[in-house]
Amino acid sequence: MVTEQASWPADLGHYGGLMIRLAWHCAGSYRSWDGRGGCDGARQRFLPEMAWDDNTNLDKARELLVPIKEKYGDALTWGDLIVLAGTTAIESMGAPVLGFCAGRIDDVDGTASLELGPTPEQQAVAPCTRGDGMCEQPLGQTTMGLIYVNPEGLMGNPVPKNSVAGIRSSFGRMGMNDSETVALIGGGHAFGKTHGACPTGAGPGPLKSPSNPWPGTCGSGPMKGRGPNTFTSGFEGSWTTRPTEWTNQYFRNLLGFDWVKHKGPGGHWQWKPTSRKGATGAAATADLPNIMMLTADMALLEDPEYLKYTKIFSQDLEALNTAFSHAWYKLMTRDMGPYSRCLGKAPMLPPPQPFQLQLPAPPAKLPDFAPIRADIVNVLKADTENAAKFTRLAWQCANTFRATDYAGGCNGARIRFSPQKDWPSNKGLDQVLKLLDPVKKKYPSLSWADLIVLAGTTALQQAAADAGSGSVDLKFCGGRTDAADGQGTDVLEPRSYVNASVALADNAKVMGLTPREAVALAGMLRSTAQQQGLGYSGSWASSAAGQSRQDNSYFKVLLNNIWEPSKSAAGKEEFKAKGNPKLFMMPSDVAIKRSPAFAAHAGEYAKDNAKFLQALAGAWTKVMNADRFDGP
Ligand code: HEB
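Residues numbered from 1 in each chain as written. Predicted model: local features only at pLDDT ≥ 70, side-chain atom pairs only at ≥ 80, totals over all residues. Heavy atoms only, no water.

Peer 1: Explanation requested: the pattern of salt bridges in the structure shown.
Peer 2: A pair can form between side chains of opposite charge whenever their charged atoms are brought close. Considering all chains together, one arrives at 28 salt bridges under this definition. Two residues, Arg-31 and Asp-34, come together in a salt bridge whose shortest N-O distance is 2.9 Å. Arg-480 is paired through a salt bridge with Asp-450; the nearest N and O atoms lie 2.8 Å apart. With a gap of 30 residues between them, Arg-480 in the loop between helix 15 (448-467) and helix 16 (500-511) and Asp-450 in helix 15 connect regions that are remote in the sequence. Considered together, Arg-480 and Asp-450 belong to a single accessibility category, that of buried residues. What you see here is one network of salt bridges that share partners, running through Arg-31, Asp-34, Arg-36, Glu-115, Asp-506 and Lys-509. (Salt bridge = Lys/Arg side-chain N within 4 Å of Asp/Glu carboxyl O. Helix = DSSP H or I, 4+ residues; strand = E, 2+ residues; numbered from the N terminus. Buried < 20%, exposed > 50% of the residue type's maximum accessible area, 1.4 Å probe, protein only.)

Peer 1: Help me out: how do you make sense of the side chain of Arg-43 in this one?
Peer 2: Among the secondary structure elements, Arg-43 is positioned in the loop between helix 1 (16-27) and helix 2 (58-72). A polar contact is formed between the side chain of Arg-43 and the backbone oxygen of Asp-40, at a distance of 3.2 Å. A polar contact of 2.7 Å, which involves the side chain of Arg-43, links it to the side chain of Ser-113. Once residues lying within four places of it in the same chain are set aside, the contact partners of Arg-43 are Gly-37, Gly-38, Glu-49, Asp-107, Asp-109, Gly-110, Ala-112 and Ser-113. (Polar contact = N/O pair within 3.5 Å; in protein donor to acceptor, adjacent residues only side chain to side chain. Contact = heavy atoms within 4.5 Å.)

Peer 1: Explain the site of the ligand here, please?
Peer 2: Around the ligand, 24 residues are found, and the nearest of them are His-189, Gly-192, Lys-193, His-195 and Ser-233. Between Trp-24 and the ligand, the recorded distance is 3.3 Å, taken from a side-chain N or O atom to a nitrogen atom. Separating an oxygen atom of the ligand from a side-chain N or O atom of Ser-233 is a distance of 2.6 Å. Where the shell around the ligand is concerned, the elements lending two or more residues are helix 1, helix 6 (178-188) and strand 1 (193-194). Examining the composition of the shell around the ligand, we find that five residues originate from one element, helix 1, more than from any other. Tallied by class, residues from the shell around the ligand come to 14 nonpolar, eight polar and two charged. (Near = heavy atom within 4 Å. Nonpolar A, V, L, I, M, F, W, Y, C, P; charged D, E, K, R; others polar.)

Laid out in structure tokens, this is it:
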């Protein structure tokens with residue numbers, strides 16, 4: 001932090017501010033909507049993130065860390081290094097830190113960030129066409145090209161109160177409430193400075209100048225573009241008079257002065273103190289400190305909740321210590337998923353935090369699953385619909401898993417609780433759970449989560465055997481436990497997309513499935529009653545095949561019929577088969593037929609049942625176990 005390198009001189013002899021900004025921009029791309037973003041993967045090293053305007057000059061910060069990366073090689077990932085650098089910076093300047101969760105895995109390129117925008121991929125998944133600086137969910141940006149909040153104000157207009165909504169939605173997408181948001185902004189801006197020495201800018205970024213991005217155009221001679229001539233955001237100044245020390249001066253400054261907007265040396269609107277609040281006469285304007293605020297900082301005074309926390313933190317450093325250390329740890333760790341993914345030990349690794357949704361430990365001795373399987377088969381035999389019901393229950397329980405942030409999945413069986421049990425897509429599943437009640441009661445050490453997965457797995461295996469055209473051997477891995485409530489599932493609710501094809505492709509990606517796996521899973525058996533319960537007119541399966549027997553009929557029906565758009569009595573968009581009034585498909589089914597990358601697999605499965613069953617077994621097992629980080 002304090003060993004100066006000639007290549008990029010440190011402000012006030014300390015790299016702390018720069019390193020905090022590096023880590024915050026790496027982690028702050030996280031959005032709870034689909035779990036994308038965050039520092040796990042360290043995609044800030046690659047396009048598109050590398051070239052985001054917000055990330056100007058962060059290439060220099062990463063460059064300063066290269067010797068440490070080289071020293072530890074593959075044992076240290078960039079993701080962990082960046083987060084550890086930011087966290088160490090905070091600690092080295094005297095602020096409290098909660099700790100460090102290691103275990104980030106580096107991506108090989110930036111493709112997983114393409115949907116964060118601004119890119120054509122993002123426009124396809126989540127278009128922002130409003131042009132007023134307020135993109136809707138899931139976009140983490142209010143201005144394209146700036147992932148967070150436009151520091152100069154909404155659309156560059158320096159009107160503080162107009163920034164409030166954007167700040168709240170941007171930080172909300174990172175999973176932060178008002179107190180966390182205020183603590184992070186003011187705690188972060190306790191450190192470092194903004195850079196905008198002259199109006200001519202940072203020069204071309206990585207897209208236009210890959211070998212020397214943002215060369216800097218201010219000043220001349222050997223210090224051109226560096227040190228006091230640095231241009232990053234185009235604002236100039238620091239928020240406090242002691243920017244390498246931990247204080248709550250940021251909050252005291254916000255409240256302690258009257259501020260006026262002016263154009264700084266970089267040509268952008270920023271704010272400076274004009275008088276001391278509460279002072280009169282000459283004392284009010286004498287010796288005003290050389291500090292600044294951004295329009296986005298000034299916004300904290302313009303909202304009752306933000307103002308409340310600003311006041312608390314200005315008077316109570318302890319309150320800020322607690323709020324900032326916890327919020328920083330959450331910001332850095334939120335995309336890592338369950339606690340068990342954190343490597344490391346106490347005291348550096350803190351105990352599980354509320355946002356990590358720690359599950360209770362599994363019973364010391366798991367039940368013998370063979371007799372439970374036999375009991376499930378008995379329940380299955382009671383009604384031909386049960387196989388489809390059990391597979392659906394397990395699928396709905398497990399398919400909330402997101403490979404993007406390791407959230408969701410059936411472990412915990414939170415599908416038994418609100419809000420998850422109330423989602424329209426889970427309608428009727430409470431009745432299915434009731435069918436399993438007697439089995440659950442019989443085995444005290446059996447968790448609901450294991451029972452749900454085992455019931456679905458048993459049902460699928462049985463249904464394939466009943467079809468007589470092939471069989472699947474489905475493995476089961478027990479050891480799940482039950483959560484006490486439905487906390488954390490609110491962000492996992494099915495996302496709405498611009499159309500069914502985009503939904504098909506994106507849902508698969510978020511779950512970590514290949515198109516081939518996603519198509520196989522769509523061919524899972526489905527009952528008419530169940531489809532009607534969801535509001536559709538019926539199912540593609542008009543006979544026992546597909547309702548209680550598992551084979552590749554779905555693909556034949558999908559490919560061999562012409563599907564016409566219609567609406568069910570309950571108002572659901574659906575498709576009906578031309579000339580066959582009993583067959584119905586959902587938009588997500590027809591999307592398979594219409595998306596070339598998916599349709600090819602459907603064609604293959606339609607021709608070869610054995611191949612299909614094998615693919616289904618593989619994909620099923622993957623989804624059922626994707627959330628298991630609790631292993632030895
Ligand atoms: Fe910040 C810096 C904006 C939040 C931390 N920032 C900064 C700047 C700007 C900003 C413009 C400047 C850059 C240059 O260099 O030029 N931010 C902003 C906004 C927001 C924020 C708009 C939202 C509202 N931050 C934040 C947070 C944090 C931070 C949350 C943490 C926690 N920043 C920071 C730092 C810095 C900054 C540390 C300094 C850097 C240096 O020093 O280099």
